[in-house]
Amino acid sequence: MQQDMTKGPITAGLIKFAVPLMIGNLLQQFYNIADTWIVGRFLGADALAAVGSSYTLMVFLTSVLLGLCMGSGAVCSIHFGAKAEERLKSCIFVSFVMIAGVAAVMNLLVYIGLDGLIHLLRVPGAVVPLMREYLIIIFLGIAASFFYNYFASLLRAVGNSVIPLLFLGISSVLNIVLDLWFVQGFGWGVGGAAAATVLSQYVSGVGILGYAFLRCPELRIRRVHMKWRAETLKEIVGMSFLTCVQQSVMNLGILMVQGLVNSFGTVVMAAFAVAVKIDSFAYMPVQDFGNAFSTYVAQNYGAGRQDRIRKGIRSAAVSVLVFCFCISLGVCLLARPLMGLFVSGEEREIIETGVHYLRIEGACYAGIGVLFLLYGYYRAVRRPGMSVVLTVISLGTRVALAYVLSSSEGIGVTGIWVAVPIGWALADITGIACMKRGTKKLKYSFWR
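Note that the structure is predicted; figures quoted are calculated from it, not measured.

So, how was this worked out
Residues numbered from 1 in each chain as written. Predicted model: local features only at pLDDT ≥ 70, side-chain atom pairs only at ≥ 80, totals over all residues. Heavy atoms only, no water. Disulfide = S-S within 2.5 Å. Patch = residues over 30% accessible without salt bridge, like charges linked within 9 Å, V, L, I, M, F, W, Y side chains within 5 Å. Areas by Shrake-Rupley, 256 points an atom, 1.4 Å probe, with all protein chains shown as cover. Salt bridge = Lys/Arg side-chain N within 4 Å of Asp/Glu carboxyl O. Helix = DSSP H or I, 4+ residues; strand = E, 2+ residues; numbered from the N terminus. Buried < 20%, exposed > 50% of the residue type's maximum accessible area, 1.4 Å probe, protein only. Axes fitted to C-alpha atoms, helices over the stretch in contact; angles between N-to-C directions. Parallel < 35°, antiparallel > 145°, perpendicular 65-115°, else oblique. Contact = heavy atoms within 4.5 Å. Nonpolar A, V, L, I, M, F, W, Y, C, P; charged D, E, K, R; others polar. Core = buried A, V, L, I, M, F, W, Y, C linked by side-chain atoms within 4.5 Å. pLDDT = per-residue confidence, 0-100. Expected span 1.5 Å × (residues − 1). Phe/Tyr/Trp six-rings, centres within 6.5 Å; stacked < 30°, edge-to-face > 60°. Left-handed = near helix turned anticlockwise from the far one by under 90°. Arc of directions from axis to C-beta. Polar contact = N/O pair within 3.5 Å; in protein donor to acceptor, adjacent residues only side chain to side chain.

Description of the state of the cysteines
Point 1. Going through the model one piece at a time under the given rule, you end up with 0 disulfides.
Point 2. Cysteine Cys 364 is unpaired, with the sulfur of Cys 332 as its nearest cysteine sulfur at 8.1 Å.

This is the structure we're talking about:
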């Protein structure tokens, strides 16, 4: 199931690799979307607000692990493209031990600082007990998130995007079944929704670990590879640390926006909780296409195929822009019925607030689509620092404008929404300008 992207048709190869990633991450969204739908329908606005805010916090925490896994995956992909098997296996050992250690420390710290995290998010008093109950259980899934993201990144690095999809599909269906059983059947409330998510995460995490060990001998390390080589560690940290920073900065900005949203009360919290799930679900395919593009560039970078990188950039840009146009049109037209899937028709204020958000964000998905391609490109050519710069521009603009505009009379919460596409646009302009300039550090340029 491995795919060597240093040869063969470019567009067809990218799409073939990207489609399982897209389907897989869309399925992954069901983890929290199932919670949101069931909690919103059966437990009310306060519970919905608690789960929505918890989701934003968990995305931030797991983004640390995701960034490390993506960075190490990029290194593995480069070695795979260069046919350097021994360096690949050494990278697997060192990166696994390093990221597992980070996951363990993180799990300990979040439990110690649980109350402080809730306070930081400016959660209304009525929502605090529900959010605390949800987080105590959901934090148990951090280890499962590490297992899944690490081995999924590793398999994708060598061109296998199908197996991660398979395990996500199984666990997503299980999550929906357990959600209904625990919340509606047993009446366990938000704790039941969290338990369903955690159990489903372990199915995908442990399952993909077992598959990689039993069915992929080319990735199976031996004792000779189990050495803490300084050169390998430096290579992984150099790529993973900055990718981790990029992911963390991105989600820290979102977390800060969540705190601002919470200050507007339960109605806006609930609307944002639903709308952001729809938003994420809509543009998730272009995020995954950006990750597929990163693997494509990394393999060709390792193989020294500059010509294929230039052609791949043009192909990826056209594909993303066409898709974003279609999905923008769909979200803008269907914003109200999409909100209605999660919120009872009686909650008109929540629905209207969510529709307002979706129509502003939805019209501008091309901005985030191009940004995901830029992230993937710079990560693949060993320039993850540039991804951090673009993230700081995007999220820094978003957070600063959100606080300034939302405090202005006559703008209010709309200021939070319009700040997002402005941040995307500024980051896109910066990233494309750097590629066009073709500096010495950036070997491959779109325009060369």
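Concerning a nonpolar patch on the surface
Point 1. A grouping of Trp 37, Phe 42, Leu 43, Ile 176 and Leu 180 is seen on the molecular surface, where their side chains present a nonpolar patch of about 390 Å² in accessible area.
Point 2. Only α1 (10-42) and α7 (162-185) provide two or more residues apiece to the nonpolar patch.
Point 3. Considering the arrangement of structural elements, one finds Trp 37 in helix α1.
Point 4. For Trp 37, a relative accessible area of 35% corresponds to the partly exposed category.

Focus: the packing of helix α11 (residues 306-340) against helix α12 (residues 348-362)
Point 1. As a packed pair, α11 and α12 sit with axes 9 Å apart at the nearest point and diverge in direction by 170 degrees. Considering their axes alone, α11 and α12 lie roughly antiparallel with respect to each other. Across the interface between the two elements, Ser 328, Val 331, Cys 332, Ala 335, Arg 336 and Met 339 from α11 touch Ile 350, Ile 351, Glu 352, Gly 354, Val 355, Leu 358, Arg 359 and Gly 362 from α12.
Point 2. Classifying every residue of the contact of α11 with α12 by side-chain character gives 8 nonpolar, 3 polar and 3 charged.

Here we look at the nonpolar core
Nonpolar side chains in soluble globular proteins tend to end up buried together.
Point 1. Counting residues in each nonpolar core, the largest one holds 139 residues, and the members touching the most others are Phe 139, Phe 293, Met 339 and Trp 417.
Point 2. With 19 residues, the single largest contributor to this core is helix α10 (residues 266-303).
Point 3. Once residues within four sequence positions are removed from consideration, Phe 139 is found in contact with Leu 57, Met 58, Leu 61, Asn 107, Val 110, Tyr 111, Leu 114 and Leu 117.

Overview of the confidence of the model for the protein chain
Point 1. Chain-level pLDDT for the protein chain is 84 on average; 94% of the residues reach the 70-or-more range.
Point 2. Here α1 stands out as the element of the protein chain with the lowest mean pLDDT, 74, in contrast to helix α5 (residues 128-138), whose mean of 92 is the highest.
Point 3. Every residue in residues 439-448 is under pLDDT 50, and counting partners more than four places away or in other chains gives 26 contacts.

Focus on α12
Point 1. Taking 1.5 Å per residue, 15 residues should reach 21 Å; α12 reaches 20 Å between its end C-alpha atoms and fits that length.
Point 2. Within the sequence span of α12, burial applies to Ile 350, Ile 351, Thr 353, Gly 354, Val 355, Tyr 357, Leu 358, Ile 360, Glu 361 and Gly 362.
Point 3. Where α12 is buried, its residues meet α2 (45-81), α10, α11, α13 (365-380) and α15 (414-437).

Let's talk about the packing of aromatic side chains
Point 1. Tallied over the entire structure, the rule returns 21 aromatic pairs.
Point 2. Ring geometry for Phe 167 and Tyr 211: centres 6.4 Å apart, planes at 65 degrees, overall edge-to-face. In this pair, Phe 167 is assigned in helix α7 and Tyr 211 in helix α8 (residues 189-215), connecting sequence segments 44 residues apart. With respect to class, Phe 167 is no different from Tyr 211; both count as buried.

Re the packing of α2 against helix α6 (residues 142-157)
Point 1. Interaxial distance between α2 and α6 falls to 8 Å at its minimum, and their mutual angle equals 25 degrees. By the angle between their axes, α2 is roughly parallel relative to α6. Crossing geometry of α2 relative to α6 is assigned as right-handed. Judged by residue contacts, Met 58, Thr 62, Leu 65, Leu 66, Cys 69, Met 70, Ser 72, Gly 73, Cys 76, Ser 77 and Phe 80 of α2 engage Ile 142, Ser 145, Phe 146, Asn 149, Tyr 150, Ser 153, Leu 154 and Ala 157 from α6.
Point 2. For the contact of α2 with α6, the per-class residue count stands at 12 nonpolar, 7 polar and no charged.

Section: α5
Quick reminder: α-helices carry 3.6 residues per turn. Residues three or four places apart thus point the same way.
Point 1. Among the residues making up α5, those that are buried are Met 131, Tyr 134, Leu 135 and Ile 138. Down the axis of α5, the buried side of the element spans an arc of 95 degrees, and every buried residue falls inside it.

What about the side chain of Ser 406?
Point 1. For Ser 406, the position within the fold is in helix α14 (residues 384-406).
Point 2. Polar contacts involving the side chain of Ser 406 include one to the main-chain carbonyl oxygen of Ala 402, which spans 2.6 Å.
Point 3. A polar contact of 3.5 Å, which involves the side chain of Ser 406, links it to the backbone oxygen of Tyr 403.
Point 4. Dropping the residues within four chain positions of it, Ser 406 is found in contact with Leu 260, Phe 264, Leu 401, Gly 412, Gly 415 and Ile 416.

Quick look at the environment of Leu 140
Point 1. Locating Leu 140 in the fold gives a position in the loop between α5 and α6.
Point 2. Sequence separation between Leu 140 and Arg 305 is 165 residues, and the spatial gap between their C-alpha atoms is 43 Å.
Point 3. Residues within four places of Leu 140 in sequence aside, it is in contact with Tyr 111, Val 198 and Tyr 202.

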